[in-house]
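Each chain, written out:
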Protein chains: 2
Amino acid sequence: MKRFLAATALALLPCFALAETPCCSTGDLGLIIERATGSLLVVDRSEHAAVGRIEGLGDMSHASMTYSPDERFAYVFGRDGGLSKVDILEQKIVARTIQAGNSIGGAISDDGKLVAVSNYTPGGVKVFDADTLELVADIPAPGKTIGLADLPGRRFIWSVWDSGEAYLGDFSGDEPVVTSLGHVGKNPFDAVVTDDAHTYLIGLFGEKGVTAIDLWQDPPKPIRFLNDYGKDQEDMPVYKMPHLQGWAFSEGQFVLPAVGQYRLLWVDRETLKDTGTTEVHGQPVFIIAQPASPYVWVNFATPRNGVVQVVDTRTHEVVKTLEPGKAVLHMEFAPRGAEAWVSVRDENKIVIYDTRTFEKKAEIAAQAPSGIFFTARAHQPGL
Amino acid sequence: MKRFLAATALALLPCFALAETPCCSTGDLGLIIERATGSLLVVDRSEHAAVGRIEGLGDMSHASMTYSPDERFAYVFGRDGGLSKVDILEQKIVARTIQAGNSIGGAISDDGKLVAVSNYTPGGVKVFDADTLELVADIPAPGKTIGLADLPGRRFIWSVWDSGEAYLGDFSGDEPVVTSLGHVGKNPFDAVVTDDAHTYLIGLFGEKGVTAIDLWQDPPKPIRFLNDYGKDQEDMPVYKMPHLQGWAFSEGQFVLPAVGQYRLLWVDRETLKDTGTTEVHGQPVFIIAQPASPYVWVNFATPRNGVVQVVDTRTHEVVKTLEPGKAVLHMEFAPRGAEAWVSVRDENKIVIYDTRTFEKKAEIAAQAPSGIFFTARAHQPGL
């Protein structure tokens with residue numbers, strides 16, 4: 001009993017110490033990546049407040065994370081190849097391994113048992129036990145791995161920049177079964193699975209166009225579309241590669257960033273036909289659908305990254321331009337859409353907007369914040 | 001400090017007492033309604049286990065619930081008009097009010113501040129402070145209120161059985177603003193908001209057909225469709241009214257139960273045109289989309305309620321028939337789709353299926369279980 005009490009006190013001290021009332025549920029918590037300091041800011045959505053900081057995560061300049069199904073643990077993928085398991089309740093790192101020289105993201109299996117990491121140096125995918133971070137499988141690749149995502153049934157999907165191939169890995173049996181899905185195009189730079197896990201969309205950098213793979217087909221086959229976009233325009237230098245995890249799926253459409261251009265591309269989800277473009281403030285980076293609404297929010301590459309635009313998916317028109325501050329790096333919505341949280345790196349703050357009125361509801365101080373990750377992500381396929 | 005320790009121990013005793021390691025995250029918890037005993041079974045999804053029971057909730061024969069954004073509290077709507085606020089961590093009722101003579105459901109506002117209840121006796125909607133359960137607004141209605149759902153911006157929508165009217169209530173200002181959306185048809189029996197909060201679908205009992213309201217229109221107008229379904233068949237007696245909260249939205253379609261018939265109706269989401277029917281085992285009650293898949297699962301009204309069927313939304317064909325046991329009342333999916341939990345009332349158990357292999361993974365004992373509610377619902381609009 002004594003041990004139990006001690007463990008209890010230790011485990012919950014950070015929550016209890018910072019909040020007025022006991023705060024031990026995890027549904028409205030989140031972690032924000034602080035790039036420069038290699039730390040994570042723990043936030044409480046309901047309170048609009050920071051409730052702690054976790055340090056010692058290494059190079060977080062391009063970091064992302066995914067959550068365990070119980071929302072207690074986050075798996076943080078650092079640019080330096082570090083994979084860290086963080087306990088959001090105890091607010092500390094509980095396991096950490098430098099698993100590669102340069103990694104760019106990861107995913108957790110649908111049952112929460114496996115964590116996969118996609119690596120640049122060396123290329124390939126490493127799969128770890130989610131409990132212990134012990135290596136379970138090491139899948140080599142002929143180059144840099146990008147666009148790693150989870151699929152139902154303890155499977156993952158990824159693409160390779162150098163060879164232009166996509167792969168499906170099934171980890172439900174005793175031994176992993178990895179299948180090539182064929183050539184998807186030249187230099188895929190990022191890829192994403194739609195919210196219904198139906199389609200894997202792959203952005204190409206080495207040529208114009210996008211590739212879609214229907215994952216419900218047997219066998220799935222790559223289909224190219226948008227091969228002609230922007231052929232009549234001169235491309236600008238790409239200041240920042242767009243993130244496709246932010247691709248929005250709304251009103252029967254995909255909304256895609258035009259690489260190297262100041263525009264969004266609209267594509268019919270069923271036919272993969274171009275249905276329009278929207279001129280925007282800069283080169284789009286994230287295009288994120290506001291839940292329970294017809295809107296997407298867009299941020300932009302440097303040097304035009306002080307602005308966020310809100311676009312109506314029905315009319316394809318910009319309906320609002322916001323100026324949260326210098327260097328807007330990411331946006332995350334309250335899961336039911338009432339608020340948008342925006343990270344403003346060069347002003348060391350998070351700005352919280354009411355999505356209905358566009359009024360600023362609150363600000364939270366943060367050290368050079370980039371990615372914002374709420375625990376509700378634990379329940380979404382493909383994140 | 002002493003008080004802090006005591007509070008901590010008390011608050012977390014149930015979790016800690018039952019688990020090997022501290023368990024205070026709430027992402028993989030759930031509550032199951034035990035009809036006959038007026039109790040709630042607390043379950044841990046990851047462990048496939050019951051971790052406690054909460055008693056004293058009154059008449060739970062048609063009960064439902066909704067969760068606070070932090071996943072700590074559930075608001076339980078009992079048939080006897082009881083509204084109970086339950087703490088899932090402390091495993092106890094923290095507030096309870098008998099707010100009407102007969103109530104049938106409720107919803108929580110997108111910001112988690114207000115809980116609304118729809119009542120039969122007397123009719124109308126009552127709105128409560130989510131913290132204290134104090135009455136905030138009492139909206140009368142010319143009859144029984146059905147199909148209450150939350151909309152973004154602290155709003156709720158509902159319909160009235162007797163008058164056939166739908167209403168929109170805006171609770172974002174100092175005083176509630178209630179607007180009639182007009183006549184939607186004879187005897188609406190249930191209604192639901194689509195997952196993107198775009199459309200309010202209303203099932204009619206007093207006449208053939210379904211009504212849709214486009215909530216993004218200004219002002220929103222009721223549109224009737226499916227007016228002719230089943231006109232060539234003789235209707236059977238309706239053994240159990242279908243639940244529309246289970247209506248599935250998949251592959252650009254709505255999937256609806258044909259009231260009084262052994263069939264599903266498929267409707268194009270965009271055009272509201274009939275796109276097919278599926279003959280099934282009995283009168284459908286719940287039709288629920290398996291996340292990240294092309295499938296819906298269907299259960300049936302008494303006396304054919306020992307079966308669950310899985311239907312492919314692409315082909316409209318039954319692909320699997322399962323027999324979980326006597327009186328299947330509800331199904332709930334793990335949020336990313338890996339498992340289906342099925343309540344089997346007359347065999348006092350919950351059966352857990354692997355959705356990929358259809359194998360039975362586990363069973364949990366429960367007293368005459370009906371509705372299964374996982375905490376991940378806290379993050380979904382319209383639930």
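- Labelled according to an unreviewed UniProt entry, chain A appears under the name Protein nirF, originating from Thalassobius vesicularis.

1. Regarding the overall build of chain A
Then, number 1: Secondary structure assignment for chain A yields 1 helix and 32 strands.
Then, number 2: Its C-alpha atoms give chain A a radius of gyration of 20 Å, near enough to 21 Å, the size a compact globule of 383 residues would have.
Then, number 3: Structurally, chain A occupies a C-alpha span of about 70 × 55 × 30 Å along its principal axes.
Then, number 4: The buried share of chain A, taken over its 383 residues, is 63%.
Then, number 5: Contacts in chain A between residues at least 24 apart in sequence constitute 41% of all its contacts with a sequence separation of at least 6.

2. Considerations on the environment of Gly58 of chain B
Residues and elements named next belong to chain B.
Then, number 1: Within the secondary structure, Gly58 sits in the loop between strand E3 (49–54) and strand E4 (64–67).
Then, number 2: Expressed as a C-alpha distance, the spacing of Gly58 and Arg35, which sit 23 residues apart in the sequence, is 9.2 Å.
Then, number 3: Other than its neighbours up to four places away in sequence, Gly58 contacts Gly38, Asp80 and Arg96.

3. Overview of empty space enclosed by the protein
Residues and elements named next belong to chain B.
Then, number 1: With the rule as written, the count across this model stands at 3 cavities of 30 Å³ or more.
Then, number 2: The computed volume of the second largest cavity comes to approximately 40 Å³.
Then, number 3: Lining of the second largest cavity is provided by 10 residues; of these, Phe189, Gly203, Val210, Pro257 and Val259 occupy positions nearest its centre.
Then, number 4: Split by residue class, the lining of the second largest cavity holds 8 nonpolar, 2 polar and no charged.

4. Remarks on the packing of aromatic side chains
Then, number 1: Evaluated as defined, the whole model comprises 14 aromatic pairs over all chains.
Then, number 2: An angle of 90 degrees between the planes, with centres 5.1 Å apart, marks the rings of Trp341 of chain A and Phe374 of chain A as edge-to-face. You can see Trp341 of chain A sitting in strand E29 (residues 339–344) and its partner Phe374 of chain A sitting in strand E32 (residues 369–374), a full 33 residues away along the chain.
Then, number 3: Trp341 of chain A gets classed as buried once you look at its relative accessible area, which sits at 0%.
Then, number 4: Connected via pairs of aromatic rings, a cluster forms that spans Trp297, Phe333, Tyr353 and Phe358 of chain A.
Then, number 5: When the ring centre of Phe374 of chain B is taken as origin, the NZ or CZ atom of Arg45 of chain B, which lies over that ring, is 5.5 Å away.
Then, number 6: The positively charged end of Lys85 of chain B is found above the aromatic ring belonging to Phe73 of chain B, 4.4 Å away from the centroid.

5. Description of the relation of the copies chain B and chain A
Then, number 1: Least-squares fitting of chain B to chain A yields an RMSD of 0.0 Å, with the transformation described by 0.0 Å of translation along the axis and a rotation of 180 degrees. Taken together, these values place the two copies in the relation of a two-fold axis.
Then, number 2: Both copies present the same face, since 98% of the interface residues in chain B are matched by interface residues at the equivalent positions in chain A.

6. Digging into the interface of chain B and chain A
Then, number 1: Residue-level contacts link 47 residues of chain B with 47 residues of chain A.
Then, number 2: Taking both partners together, chain B and chain A bury about 4,100 Å²; carbon and sulfur atoms supply 59% of that area.
Then, number 3: Inspection of the chain B/chain A interface yields 4 salt bridges.
Then, number 4: Where chain B meets chain A, there are 15 residue pairs in polar contact (both at pLDDT 80 or more).
Then, number 5: By residue number, the principal contributor to the side of chain B that touches chain A is helix H1 (residues 2–18) of chain B, which donates 7 residues.
Then, number 6: Partitioned by chemical class, the residues of the side of chain B that touches chain A number 22 nonpolar, 11 polar and 14 charged.

7. A short note on the pattern of salt bridges
Then, number 1: Evaluated as defined, the whole model comprises 38 salt bridges over all chains.
Then, number 2: Residue Asp312 of chain A pairs with Arg314 of chain A through a salt bridge whose shortest N-O separation is 2.9 Å.
Then, number 3: Between Glu347 of chain B and Lys349 of chain B there is a salt bridge whose closest N-O contact spans 3.1 Å.
Then, number 4: On the basis of relative accessible area, Lys349 of chain B is assigned to the buried category, the value being 13%.
Then, number 5: Among the charged side chains, a salt-bridge network with shared partners connects Arg72, Asp87, Glu90 and Lys92 of chain A.

8. Structural notes on the sheet that holds strand E5 (residues 73–77) of chain A
Residues and elements named next belong to chain A.
Then, number 1: Reading across from one edge, E4-E5-E6-E7 is the order of the 4 strands in this open sheet, with antiparallel pairing throughout. Each of the sheet's edge strands pairs with one partner strand only, and the pair in question is strand E4 (64–67) and strand E7 (92–98). Pairwise comparison of adjacent strand axes, ignoring direction, gives a mean angle of 20 degrees for this sheet.
Then, number 2: Two strands pair when backbone bridges link them, and E4 and E5 are joined in this way by 4 bridges, in the antiparallel orientation.

9. Considering the sheet that holds strand E19 (residues 222–225) of chain A
Residue and element names in this part refer to chain A.
Then, number 1: The strand order across the open sheet built from 4 strands is E16-E17-E18-E19, with neighbouring strands paired in antiparallel fashion. Only two strands of the sheet have a single neighbouring strand rather than two, namely strand E16 (188–193) and E19. The average undirected angle you get between the axes of adjacent strands in this sheet is 25 degrees.
Then, number 2: Across 5 bridges, strand E17 (residues 199–204) lies against strand E18 (residues 210–214) in antiparallel orientation. Note on E18: the bridge partner recorded for Thr199 is Asp214.

10. Quick notes on unusual backbone geometry
Then, number 1: With omega at -5 degrees, the peptide bond leading from Asp218 of chain A into Pro219 of chain A counts as cis.
Then, number 2: Here the residue pair Thr121 of chain B and Pro122 of chain B is connected by a cis peptide bond, since its omega of -15 degrees sits within 30 degrees of zero.
Then, number 3: As for its placement among the helices and strands, Pro122 of chain B is situated in the loop between strand E9 (114–121) and strand E10 (124–129).
Then, number 4: One non-glycine residue, Ala197 of chain A, lies in positive phi territory at about 60 degrees.
Then, number 5: Looking at where Ala197 of chain A falls in the secondary structure, it is placed in the loop between E16 and E17.
Then, number 6: Judged by relative accessible area, which is 4%, Ala197 of chain A ranks as buried.

So, how was this worked out
Residues numbered from 1 in each chain as written. Chains lettered and ligands numbered in written order. Predicted model: local features only at pLDDT ≥ 70, side-chain atom pairs only at ≥ 80, totals over all residues. Heavy atoms only, no water. Helix = DSSP H or I, 4+ residues; strand = E, 2+ residues; numbered from the N terminus. Rg over C-alpha atoms; globule rule 2.2 N^0.38 Å. Buried < 20%, exposed > 50% of the residue type's maximum accessible area, 1.4 Å probe, protein only. Contact = heavy atoms within 4.5 Å. 1 Å grid on protein atoms, 1.4 Å probe; cavity = no way out; pocket = protein on both sides within 12 Å on 5 of 7 lines; lining within 4 Å. Points joined across faces, edges and corners; volume = space filled by probe spheres on them. Nonpolar A, V, L, I, M, F, W, Y, C, P; charged D, E, K, R; others polar. Phe/Tyr/Trp six-rings, centres within 6.5 Å; stacked < 30°, edge-to-face > 60°. Lys NZ or Arg CZ within 6 Å of the ring centre and 35° of its normal. Least-squares fit on C-alpha atoms with pLDDT ≥ 70 in both. Buried area = accessible area lost by both parts, 1.4 Å probe. Salt bridge = Lys/Arg side-chain N within 4 Å of Asp/Glu carboxyl O. Polar contact = N/O pair within 3.5 Å; in protein donor to acceptor, adjacent residues only side chain to side chain. Pairing = 2+ DSSP bridges. Axes fitted to C-alpha atoms, helices over the stretch in contact; angles between N-to-C directions.

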